[in-house]
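Here is how the chains run, residue by residue.
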Amino acid sequence: MIRMGTVGTNWITQQLVEALALSKSYELAAVYSRHADTGAAFAAKNHAQASYTDYEEMLTQADLDAVYIASPNSLHFEQAMVAIQHDVSIVVEKPAFSNRQEMTAILAALKQHPQVKFFEAARHVHTPNFQQIEKTLTGLPTVQGAALTFMKYSSRYDQVLDGEAPNVFTKEFSAGALQDLGVYPIYLAIALFGQPENVSLFPTLIATGGDGKGLAVLRYTDYDVTVAYGKTSNSYASSEIYGLKETIEIDSAGELTKVGLRDDQGALTDLSEPALENPMLPEVIDFARVLLAPEETQNEKDYQRWLKWSITVNDVLYSLRVAGNLRFPADEH
Ligand SMILES: NC(=O)c1ccc[n+]([C@@H]2O[C@H](COP(=O)([O-])OP(=O)(O)OC[C@H]3O[C@@H](n4cnc5c(N)ncnc54)[C@H](OP(=O)(O)O)[C@@H]3O)[C@@H](O)[C@H]2O)c1
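These numbers were taken from a predicted model, which means no experiment stands behind them.

**So, the overall build of the protein**
Secondary structure summary: the protein contains 10 helices and 14 strands in total. Over its C-alpha trace the protein gives a radius of gyration of 20 Å, about what one expects of a compact globule, namely 20 Å for 333 residues. Referenced to the eigenvectors of the C-alpha coordinate spread, the extents of the protein come out at roughly 60 × 50 × 35 Å. Considering only intrachain contacts with a sequence separation of at least 6, the fraction spanning at least 24 residues in the protein is 67%.

Structural data, given as C-alpha cells:
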C-alpha cells in the first residue's frame, strides 16, 4: 500500500481520496490543513491516520510515500520542493507549476532525489476515452488540426461580480481561466500532437486583473489547434479533431465523457468507454502502478511520457502567457 498525505481540503481532495480508496492501492496516512478543525474533520470523514497543521511536520513524521498537493497554484512549487527534499513523491494538481523557472528547479531537485516521482494530476489524459482518441487519431489517413473547447461558468465568478477576488481568478495565486480550465484542452493538444512551433493567446481580462476566458492558437507545421476556454460563460460546443473526410468528435475537451468518429457522410460511431465511477480513478491507478514498480519497463516508459507532457504543458502555458501579456507575481521571483 502507498502511504499518501494530502494538502488542501476542498472538494477536489475529497474526490481524490475517494479515488484512492476505490483503487485499493493507497492508504490515507495524513491530512494537512492550515486549520486544525478542518483537517481533523477531513481526516475523520476519510479515516486518515493523522492530521497536521504544520506541513513539514507531516512530511517528517507521517512516513509518507507520496503527497497530493491541491492548494492554490502559486503554492504548489514550494510545497512540492519541500516534499522532494523529504524524499516523498508528489502528485501535483494541474497546472503543476507557475512558470518555466519553477519547473526547471523541480526537475533539478528530482535529479538530486532520483527515487522521488513527480506526477501532474491531469485526470483526463489517463482515461480510457483519451486512449480511444489516441487510437482513432493514429488510424486517420491525415491530420489537419483541431478545435478544442472547454468553457464552464464558475460559481466563483459570482463573487467576482460582487467585487471579490477568489483565489481561482487571481494572478497572485497563478490562477485565472487559462490556468484553471484552458490547461485541459492544452494538455490534450500536447499529448496528441506534441509541442507546437509557436503560440498566440487572446485573453479576456476581468475585474481581478486575471483572465476570465480566452482563445489560444497552437501552430504546428501542417495545421493549427485552436483552444477556446473560459470560466465566465458556458459552452455546449463539441471539440473536433480533423482528419481528411473523417472527424473525431469529443463532447468536452476537459471531460472527455463522449468520443465518436464521424465518417465522410457525417454518420457518427460512438467510441465512448463506459462512464467512470470517479473521474480521478484512472490517474491514481496509473500513478500507483509506477510508485509500486518503478523499475518495470512499461512503467518507466509511461512515467517518462507523462513527465514530458507535464514539462511541455508548463512550457506552452508560459509561452501563451507571454504572448497574451498575462504575467503572474510568481514570474518576478
Ligand atoms: N483535477 C481537477 O479536476 C481539479 C478540480 C478543481 C481544482 N483543481 C486544482 O486543485 C488546486 C486547488 O484548487 P481549488 O479550487 O480547490 O483551490 P482553493 O479552494 O483556492 O484552495 C484549495 C485548498 O488550499 C488551501 N488554501 C486555500 N487558500 C489558501 C491560501 N491562501 N494559503 C494556503 N492554503 C490555502 C485550503 O485548504 P485548508 O483551508 O484546509 O488549508 C483549500 O481547501 C488547483 O491547483 C486547481 O487547479 C483540479
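Resuming the write-up.
**Details of the pairing of strand β11 (residues 239-242)**
Because side chains alternate across β11, one face comprises the buried residues Ser239 and Ile241, and the other comprises Glu240 and Tyr242, none of which is buried. With 2 bridges joining them, strand β7 (residues 146-151) and β11 adopt antiparallel strand pairing. From the neighbouring strand, Ala146 faces β11, where its bridge partner is Ile241. Across 4 bridges, the pairing between β11 and strand β12 (residues 247-250) is antiparallel. Bridging from a neighbouring strand, Tyr242 pairs with Thr247 of β12. As consecutive antiparallel partners, β11 and β12 are separated by 4 residues.

**Description of the UniProt feature "domain: Gfo/Idh/MocA-like oxidoreductase N-terminal" (unreviewed entry) in the protein**
The sites that UniProt annotates as "domain: Gfo/Idh/MocA-like oxidoreductase N-terminal" (unreviewed entry) are residues 2-115. Along residues 2-115, the helical share is 49% and the strand share 21%, with 14 Å between the first and last C-alpha atoms.

**Some points on the environment of Ile186**
Residue placement: Ile186 occurs in helix α8 (residues 177-193). Take Ile186: its relative accessible area is 0%, and that puts it in the buried class. Sequence spacing of Ile186 and Asp63 is 123 residues, and the spatial spacing of their C-alpha atoms is 35 Å. When neighbours within four sequence positions are excluded, Ile186 is seen to be in contact with Leu178, Val227, Val316, Leu317 and Leu320.

**Points about helix α10 (residues 297-323)**
In this model, α10 (27 residues) spans 39 Å end to end at C-alpha, consistent with the 39 Å of a helix rising 1.5 Å per residue. Asn325 occupies a position one or two residues after α10 and carries a positive phi of about 55°.

Cut-offs and rules
- Residues numbered from 1 in each chain as written.
- Predicted model: local features only at pLDDT ≥ 70, side-chain atom pairs only at ≥ 80, totals over all residues.
- Heavy atoms only, no water.
- Helix = DSSP H or I, 4+ residues; strand = E, 2+ residues; numbered from the N terminus.
- Rg over C-alpha atoms; globule rule 2.2 N^0.38 Å.
- Contact = heavy atoms within 4.5 Å.
- Buried < 20%, exposed > 50% of the residue type's maximum accessible area, 1.4 Å probe, protein only.
- Pairing = 2+ DSSP bridges.
- UniProt positions renumbered as here; feature names shortened; annotations may be inferred.
- Expected span 1.5 Å × (residues − 1).

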